[in-house]
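Structural characterization, general
Read off the chains here:
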Amino acid sequence: MTNKIRIDDLAEPRLTPVQEAALSYGESQPVDLSPGAVLAAAVEATGLDDFGPRDFRERLDLWLSEMDKDGDRTGLGRLSMFGDCVRHAKNRLRIHDLLRRHPEIRDVPIERPVIVVGLPRSGTTHLVNLIAADDRFRSMPLWESREPVPDPRESAAEVDLRWERCYQTWEASRRTLPLLAAMHPMNPDHVHEELELELPDFSSYYIEWVARCPGWRDYYLSHDQTPHYAYLRSVLQILQWRRPRERWVLKSPQHLEQLRPLMTTFPDATIVVTHRDPVSVIQSTATMMTYSARLHYRDTRPGWYAEYWTDRIRRLLDSAVRDQDLLPADRTIHVRFHDFMADELGTVERIYAAAGLEFTPEARSRVAAYRTDHPRGRDGQVVYDLRADFQVEPDEVRAPFRSYLDQFGVREEVR
């Protein structure tokens, strides 16, 4: 039996002793959230000082200037922001340095990737992990996405210290946010989204701590993202150069509103579009983000997250429907959530057929083994309640999505 989890303190969190200690520690740490401080810390940590093209400064400046305008972020939240920005800046330094020393990397082909695009919480993570179980595919585990270029000073270490750092981060998350694993596992070997590879270019929109930054949203949506997708591809080339495989499997919900840059960057890709009742997506995503907010904000604002994600999902779907003609008809497969849950192996087999790749007995065995070893709900199953937690009715939230539901045959889940 799956352990049922009900989070009933989203608006007024009942903090654990570990959470109280973490928040207290954050308040004791002064943080300079200026671009100069971030870049200086990255230079000191890496011993490098060439960030490459300087256009990223405008985006970094906007990130940091927008982050805490209302003063609602906790000290721990500010500390986390600073640490993330320094990590992205360190990655940028190492990426630029490696490409400068090895220009042949830019000639490494990224051919016929399988790219899963779809709403968050629509099965994309589980699906991409199933496919990645076939070792003919190259995928990107979380530990590698967080530090795509290793520190050459650590090359002699017996264990890759990038994995160890990612593991320590995950263990800290499990201690401070123990229910997070039931909603979105982030262990080091979990296949992660390639949007992480845009972050050294300070461009991705689909990250939690820019959600409350309307200025960044407006900037992102008004600028062509093709150059940043090209940057993402260059980092994939680095990873392929270091550990080659036959084909890549990728995924990110962000692609739904960036189909033109996506197909410009990966014109020979097979595209898998996942579909799910937007109400299920919204209540799940808003719950996860509101739960996490207890460490980063003084006011968790569940109603704000419900409104934000309703608007965000609408923008994603409107863009995807508008641009769906850009997808290759012979290499695009649509996967409805209820069909995927009813027949996971059959769904994977359909994807292989669309990708022109044989679903060999060995591949089937590997995918089936992953499925057996990673059952849904093994860390517990969160019970969501849109009415109680966010004071909105499912039909009210669903109303703007009626045409989407009808067009793609999406089954309603939340009543």
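Each value, and the rule that gives it
Residues numbered from 1 in each chain as written. Predicted model: local features only at pLDDT ≥ 70, side-chain atom pairs only at ≥ 80, totals over all residues. Heavy atoms only, no water. Core = buried A, V, L, I, M, F, W, Y, C linked by side-chain atoms within 4.5 Å. Buried < 20%, exposed > 50% of the residue type's maximum accessible area, 1.4 Å probe, protein only. Contact = heavy atoms within 4.5 Å. Salt bridge = Lys/Arg side-chain N within 4 Å of Asp/Glu carboxyl O. Helix = DSSP H or I, 4+ residues; strand = E, 2+ residues; numbered from the N terminus. Expected span 1.5 Å × (residues − 1). Polar contact = N/O pair within 3.5 Å; in protein donor to acceptor, adjacent residues only side chain to side chain. Phe/Tyr/Trp six-rings, centres within 6.5 Å; stacked < 30°, edge-to-face > 60°.

Counting 92 residues, the largest nonpolar core has Ile-271 and Ile-313 as its most contacted members. Not counting residues within four places of it along the chain, the set of residues in contact with Ile-313 comprises Leu-119, Pro-120, Pro-278, Val-281, Ile-282 and Phe-401. Residues Leu-130, Ile-333, Val-335 and Tyr-370 belong to the second largest nonpolar core, which totals 25 residues.

Further remarks concern the pattern of salt bridges. Pairing is possible between side chains of opposite charge, provided their charged atoms come close. Under the criterion given, the structure shown has 39 salt bridges. The closest approach of N and O atoms between Arg-387 and Glu-393, which form a salt bridge, is 2.8 Å. Residue Glu-393 is classed as partly exposed on the basis of its relative accessible area of 39%. Across the salt bridge formed by Glu-412 and Arg-402, the nearest N and O atoms sit 2.4 Å from each other. Pair noted here: Glu-412 is in the segment after helix 19 (402-408) and Arg-402 is in helix 19, with a separation of ten residues, a long-range link. The structure contains a network of salt bridges with shared partners spanning Asp-277, Asp-395, Arg-398, Arg-402, Glu-412 and Arg-415.

The next point concerns the environment of Arg-175. Relative to the helices and strands, Arg-175 resides in helix 7 (residues 161-176). On a C-alpha basis, the gap between Arg-175 and Gln-19 in space is 8.3 Å, while along the polypeptide they are 156 residues apart.

Turning next to helix 15 (residues 344-355). With twelve residues, helix 15 should reach 16 Å at 1.5 Å per residue; the first-to-last C-alpha distance of 17 Å fits that figure. Within helix 15, burial applies to Glu-344, Gly-346, Thr-347, Val-348, Ile-351, Tyr-352, Ala-354 and Ala-355. Two or three places before Gly-346, at the start of helix 15, stands the capping residue Asp-343, its side-chain oxygen 2.9 Å from that residue's backbone nitrogen.

Another aspect to go through is the environment of Leu-60. Among the structural elements, Leu-60 can be located in helix 3 (residues 56-66). Classification of Leu-60 as buried rests on a relative accessible area of 0%. Sequence-wise, Leu-60 and Asp-201 are 141 residues apart; in three dimensions their C-alpha atoms are separated by 8.7 Å. Ignoring anything within four residues of it in the chain, the contact list for Leu-60 reads Pro-35, Leu-39, Cys-85 and Phe-202.

With that out of the way, let us pick up the packing of aromatic side chains. For the structure shown, the criterion picks out ten aromatic pairs. Ring centres of Trp-163 and Tyr-167 lie 5.3 Å apart, and the angle between their planes is 5 degrees; this geometry places the pair in the stacked category. Of this pair, Trp-163 and Tyr-167 both sit in helix 7, separated by four residues, roughly a single helical turn. On the basis of relative accessible area, Trp-163 is assigned to the partly exposed category, the value being 26%. In this structure Tyr-167 comes out as partly exposed when scored by relative accessible area, which is 31%.

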